[in-house]
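Overview (structure and organization)
One-letter residues, chain by chain:
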Amino acid sequence: MTAIAISGSRPITASMGASPLGVASSSELLPAPRGSVMGEEALFTLMSEISDAQTKFAKVKVEETHVAKKHAMAELEKALARQREAAKGGVLGELGLGDVAKVAAIAVSVAAVAVTGGASLAVAGALLSAGAFAVEKTNCFGDASKWVALGMSAAGGVASAASVAAHGAAAAQAASSAAQAGGASASAAAEAGAEAAKNATRTFDNVSLAVQAGTHAMLGAEKIEDAVYAYQADEAGRDAKNAQYQIAHIERVFDEVIEQLKDAKQTKQRGNERLSEIRQTADQTLLVAAGGKA
Amino acid sequence: MTVQGCQGPKSVVCSYDTATEAAASAQTEDANLLPEPMQALATSTDLGAQIAGLILLAGHEQRKSAKLSREAAEAAQKAAEERELKAMHEQATAKLAAGVVGGVMEIQSAAALGSGVDGNRLVAEVKSKVIDGFAKVDTALLNYVADGFGEDAKRAANGASHAKSAIDDARDQDKDARDTINKALDLYKEYLGAKADAQRAAFLKA
């Protein structure tokens, strides 16, 4: 096509006048002939293809993020469930039957001290039972904890029983001695009474000490149990937070992909508009050219 | 560089030079196989095309800058979140240690107290109290350490929050840049349409 210069500006040719943006074609004095705009058509077709590829990629990315989000949500739910479970476990009021039995074993051991006046074995029994309780709750021996706790519990029971038996025998022996000394004097009886009162006080002291020791041991075991449950709850909370962060990241990626999708769509739309303008211009050119020749 | 067909005040010439320099530097930075529309516009002899090209280049640069800022903020946020989670773990571990140490020492105290049965009660009680005292000190120390980790976790969470704000700002910046680019394209299209109409009218008059 002949180049036409207008008021000192550059000559209007198809190759120079038409901008790669596709908008310059409408600024030309005469529309460029169809043959010369093929390059631009190809360019915008290529842009459109690129937009399509971007759209496809974005769609795949959307699906991926959707799957990742689902996974993260499942993780979050699991972590929250674990947190709830751990929070429940630490409550004293929610002791199971086994716990009640162990507490009862300790109480029986202490009662044995009160009844028999024998302390050492009974206290050992109480401590063993408390230890068993702690071992089972903290699971400090791993899989073996159950058996260790069972052993300690059994030993505690045996110690309590031995205590009862030992002091029962002692009491029988004392009764027999009293029968033999039937004709003893009144002063001896008074001494025996004072000795009995002293023994009763000592027994009371022993019982109170044993109760204190048992309570301490119980509180210690409970403290460990609470700490373990609190740790589990904290860790579950941390996992939940991690899952929340992951979800937030995934959502951000999702938003970005959506933005890219919008961009690609807009680019394609713009490219198509320009392409249609180019074709329209080319058709007009042909018409004008045909009219001029005619 | 020679300025062709650019007749106007000095500032226009300067802007043209700047545009061409920017276009040249952009060309050397990343050589694309496809044509660069912005460079073509910026190096055009048409004033409207130059302005549009400059705005487009500015928008493009703004987008690049926003992308870099966003990437940096994202990395900072991720690092802060990791720090926070690590501190939370350390805090939980320290709290567990405090609880276990406290519990174990309480059981030891109970054993010491139990030794007073049928023995010297005073000594047993003193032993128990001493163990209780140590338990309190140990627990307090471990709780202090746990609180320190808790503070670290809070600081890291604040850092993550700031980084998130920076990400949002970068996204806004990117959106603004896109709007600028779109506006520049629309304006250029309008400009070209008006110019073409004027040229047609002039041609027909002649």
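Residues numbered from 1 in each chain as written. Chains lettered and ligands numbered in written order. Predicted model: local features only at pLDDT ≥ 70, side-chain atom pairs only at ≥ 80, totals over all residues.

**A short note on the overall build of chain A**
The number of helices and strands found in chain A is six helices and zero strands. Walking chain A from its N terminus toward its C terminus, one meets helices and strands in the order α-α-α-α-α-α. Of all 294 residues assigned to chain A, the portion counted as buried reaches 32%. (Helix = DSSP H or I, 4+ residues; strand = E, 2+ residues; numbered from the N terminus. Buried ≥ 20, exposed ≤ 12 C-beta atoms within 10 Å, placed from the backbone.)

**Topic: the overall build of chain B**
Summing up its helical and strand segments, chain B has four helices and zero strands in all. Secondary structure elements of chain B occur, N-terminal to C-terminal, as α-α-α-α. Put simply, chain B has 206 residues, and 33% of those count as buried. Considering only intrachain contacts with a sequence separation of at least 6, the fraction spanning at least 24 residues in chain B is 67%. (Contact = placed C-beta atoms within 7 Å.)

**Thoughts on the packing of helix α3 (residues 47-114) of chain B against helix α4 (residues 121-205) of chain B**
Residues and elements named next belong to chain B. Their axes nearest at 6 Å, the elements α3 and α4 cross at an angle of 170°. Relative to α4, the element α3 is oriented roughly antiparallel. Considering the relative orientation of α3 and α4, their crossing is left-handed. A per-class count over the contact of α3 with α4 returns 38 nonpolar, 16 polar and 20 charged. (Axes fitted to C-alpha atoms, helices over the stretch in contact; angles between N-to-C directions. Parallel < 35°, antiparallel > 145°, perpendicular 65-115°, else oblique. Left-handed = near helix turned anticlockwise from the far one by under 90°. Nonpolar A, V, L, I, M, F, W, Y, C, P; charged D, E, K, R; others polar.)

**A closer look at the nonpolar core**
With 42 residues, the main nonpolar core has A213, A217, A227 and V228 of chain A together with L96, A110 and L113 of chain B as its most contacted residues. For this core, the secondary-structure elements that each account for two or more residues are α2 (38-89) and α6 (186-293) of chain A together with α3 and α4 of chain B. Looking at this core element by element, the count peaks at 16 residues for α6 of chain A. Among the nonpolar cores identified, the runner-up in size contains 12 residues, and L41, A52, L57 and A184 of chain B belong to it. (Core = buried A, V, L, I, M, F, W, Y, C linked by C-beta atoms within 7 Å.)

**Overview of the environment of V123 of chain B**
On the secondary structure map, V123 of chain B appears in helix α4. As for V123 of chain B and A112 of chain B, which are separated by 11 residues in sequence, their C-alpha atoms are 8.9 Å apart.

**Re the confidence of the model for chain A**
Residue and element names in this part refer to chain A. Averaged over every residue, the pLDDT of chain A is 70; residues scoring 70 or more account for 54%. Counted against residues more than four places away or in other chains, residues 30-36, with its pLDDT under 50, gives 27 contacts. The model gives residues 90-98 a pLDDT under 50, and that stretch makes six contacts with residues more than four places away or in other chains. (pLDDT = per-residue confidence, 0-100.)

**Focus on the confidence of the model for chain B**
Residues and elements named next belong to chain B. Mean pLDDT over chain B works out to 82, with 82% of the residues at or above the 70 mark. Of all helices and strands in chain B, the one with the weakest mean pLDDT is helix α1 (residues 10-29) (44), whereas α3 scores best (92). Contacts of residues 1-29 to residues separated by more than four positions or lying in other chains number 33 contacts, the stretch itself having pLDDT below 50. Both scores are given for the predicted complex: the pTM is 0.62, the ipTM 0.72.

**Some details on the environment of A74 of chain A**
Examined against the element boundaries, A74 of chain A turns out to sit in helix α2. Since 11 C-beta atoms lie within 10 Å of it, A74 of chain A is described here as exposed.

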